[in-house]
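Close look at the chain arrangement
In case you want the letters, here they are:
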Amino acid sequence: MTDVTRIQVGASAGHDAYEVLVGEQLLGELAGIIGTKAKRVAVIHPEALASTGEALRADLADQGYQAVAIQVPNAEEAKTAEVAAYCWKALGQSGFTRTDVVVGVGGGATTDLAGFVAATWLRGVRWIAVPTTVLAMVDAAVGGKTGINTAEGKNLVGAFHPPAGVLCDLAALESLPVNDYVSGLAEIIKAGFIADPAILDLIEADPEAARTPAGPHTAELIVRSIRVKADVVSSDLKESGLREILNYGHTLAHAIEKNERYKWRHGAAVSVGMVFAAELGRLAGRLDDATADRHKAVLASVGLPLTYRGDQWPKLLETMKVDKKSRGDLLRFIVLDGLAKPTVIEGPDPAMLIAAYGEVSA
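Residues numbered from 1 in each chain as written. Predicted model: local features only at pLDDT ≥ 70, side-chain atom pairs only at ≥ 80, totals over all residues. Heavy atoms only, no water.

When its secondary structure is counted, the protein chain shows 14 helices and eleven strands. Radius of gyration (C-alpha) of the protein chain: 20 Å, near the 21 Å computed for a compact globule of 362 residues. Taken over the C-alpha atoms alone, the protein chain extends approximately 60 × 45 × 35 Å along its principal axes. Classification of the 362 residues of the protein chain by burial places 54% in the buried group. (Helix = DSSP H or I, 4+ residues; strand = E, 2+ residues; numbered from the N terminus. Rg over C-alpha atoms; globule rule 2.2 N^0.38 Å. Buried < 20%, exposed > 50% of the residue type's maximum accessible area, 1.4 Å probe, protein only.)

Our next topic: the side chain of Ser225. As for its position among the elements, Ser225 is in helix α9 (residues 218–235). Ignoring any residue separated from it by four or fewer positions in sequence, one finds Ser225 in contact with Val138, Ile188, Ala191 and Ile199. (Contact = heavy atoms within 4.5 Å.)

Among the structural elements, Asp62 can be located in helix α2 (residues 50–62). For Asp62 and Thr343, which are 281 residues apart along the polypeptide, the C-alpha to C-alpha distance reads 50 Å.

Moving on, we get to the pattern of salt bridges. What the rule picks out here adds up to 24 salt bridges. Notably, a salt bridge pairs Asp112 with Lys79, separated by 2.7 Å at the nearest N-O pair. You can see Asp112 sitting in helix α4 (residues 108–120) and its partner Lys79 sitting in the loop between β4 (66–72) and α3 (81–93), a full 33 residues away along the chain. Judged on exposure class, the residue Asp112 and its partner Lys79 are both buried. The network of salt bridges with shared partners includes Glu279, Arg282, Asp289 and Asp293. (Salt bridge = Lys/Arg side-chain N within 4 Å of Asp/Glu carboxyl O.)

Time to look at unusual backbone geometry. A positive phi angle, near 55°, is found at Leu122, a position not held by glycine. Along the polypeptide, Leu122 turns up in the loop between α4 and β6 (126–131). The exposure class assigned to Leu122 is partly exposed, which follows from its relative accessible area of 34%. Positive phi is not limited to glycine here, since Tyr262 has a value of about 65°. For Tyr262, the location among the structural elements is in the loop between α10 (250–259) and α11 (266–283).

With that settled, the discussion passes to the sheet that holds strand β5 (residues 101–106). Overall, mixed pairing links the seven strands, which are arranged β1-β2-β9-β6-β5-β3-β4 in an open sheet. Of all strands in the sheet, those bounded by a partner on one side alone are β1 (5–9) and β4. Here the strands of the sheet are splayed against their neighbours by 15° on average, with no regard to which way each runs. Here β6 pairs with strand β9 (residues 165–169) via two bridges, running parallel. Bridging from a neighbouring strand, Ile128 pairs with Gly165 of β9. Taken strand by strand, α3 contacts β3 (40–46), β4 and β5, and its axis lies near 165° from that of β4. Where α4 meets the sheet, its contacts fall on β3, β4, β5 and β6, and the angle it forms with β5 comes to roughly 170°. (Pairing = 2+ DSSP bridges. Axes fitted to C-alpha atoms, helices over the stretch in contact; angles between N-to-C directions.)

Attention now moves to the nonpolar core. Judged by nonpolar contacts, the single largest core of 95 residues is most densely connected at Val20, Leu113, Ile189 and Phe276. In this structure Ile189 touches Leu200, Ile203, Met274, Val298, Leu299, Val302 and Leu304, once residues within four positions along its chain are discounted. With 18 residues, the next largest nonpolar core counts Ala38, Val103, Val105 and Leu167 among its residues. (Core = buried A, V, L, I, M, F, W, Y, C linked by side-chain atoms within 4.5 Å.)

Among the residues making up helix α13 (residues 313–320), those that are buried are Trp313, Leu316, Thr319 and Met320. The buried residues of α13 occupy an angular sector of 125° when the element is viewed end-on, so they sit on one face. Opposite its buried face, α13 presents the exposed residues Pro314 and Lys315, each directed more than 90 degrees away. (Arc of directions from axis to C-beta.)

Before going further, it helps to examine α4. Over its 13 residues, α4 runs 18 Å from end to end, which matches the ideal 18 Å to within 8%, given 1.5 Å per residue. Across the 13 residues of α4, twelve count as buried, placing the element largely inside the fold. Buried within α4 we find Gly108, Ala109, Thr110, Thr111, Asp112, Leu113, Ala114, Gly115, Phe116, Val117, Ala118 and Ala119. One or two steps after α4, the chain reaches Leu122, where phi turns positive at roughly 55°. (Expected span 1.5 Å × (residues − 1).)

Two numbers describe how helix α7 (residues 198–205) lies on helix α12 (residues 289–301): the axes approach to 10 Å, and their chain directions differ by 50°. The pairing of α7 with α12 is recorded here as oblique in orientation. Crossing angle aside, the handedness with which α7 passes α12 is left-handed. Here Leu200, Asp201, Ile203 and Glu204 of α7 lie close against α12, whose contacting residues are Arg294, Val298 and Ser301. Here the contact of α7 with α12 is composed, by residue class, of three nonpolar, one polar and three charged. (Parallel < 35°, antiparallel > 145°, perpendicular 65-115°, else oblique. Left-handed = near helix turned anticlockwise from the far one by under 90°. Nonpolar A, V, L, I, M, F, W, Y, C, P; charged D, E, K, R; others polar.)

The next subject is the side chain of Arg332. By secondary structure assignment, the location of Arg332 is in strand β10 (residues 332–336). Side-chain polar atoms of Arg332 contact the side chain of Glu346, separated by 2.2 Å. (Polar contact = N/O pair within 3.5 Å; in protein donor to acceptor, adjacent residues only side chain to side chain.)

What follows is the structure, encoded as structure tokens:
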């Protein structure tokens, strides 16, 4: 096994601390996290990773666990009540008890689903995340937010249910399509703007290298991003305060995703959302021009989109009103008071919102 970075995510009310491991050839760590009390392990995996899911199931069976593989649809199509019910049925038929363990292997949609299934089965069983994309490693698999989508919006049904451990095997990124890899960079860049500007410096030094897992800073970018999230969620598991900063760019992004029926990649939508949030911060007199303009420069340098259809604003505004961060009819956005100085703006003037959207209108 190569060098492994271990990042501690602190304990919170009712939940134990856990570790996020970043390195290569990490599956040997899985049994240690599952532990000896578990008899059964369910491996939830997307159709695209059928061979990986089956190999993992077979390996766990060889180690003496009663292991079952549960195949779910790819990407956001997995995050429905119907798919969750299918997983519950499989757990029931397998005789799953409170000491058994769910393993979610795949991208962010799969780990969101697996965590939600674990959170709701018998009011909560242990689960382990094995993220296979950049997005899942730095965002979805860390922090304990689990959930599914509804027709009304993204992640509106969910639970806070931290994993028992997270295994980020960097070797999994080598087969990731470039567009999926670049999409994940949006969450890394977000971490740079809200908390760790060194991330931005690394990307700006060699944007082309940042676009590939073979780049010299891949491990450092992922580790730094996970540390940002780990620090935040350790102090605010249930998004009662500080954790809201992780939603920088996400209010508009979730509306775009719903408008596109989840055909847009999450990172692409977040990229546009951050350009919007930066302009909103500038118009509100909070963010300096240089930092606002830096958003466009760094996002464009790795090939992320900066614009969305201008005629869609009325639809997007209605969707944002039911966003999880809204309070009643009061829209809330995370903006920056400066580099690495996130804050909340409540109920911004509608004219300001329209002007900010003009910055991303195509």
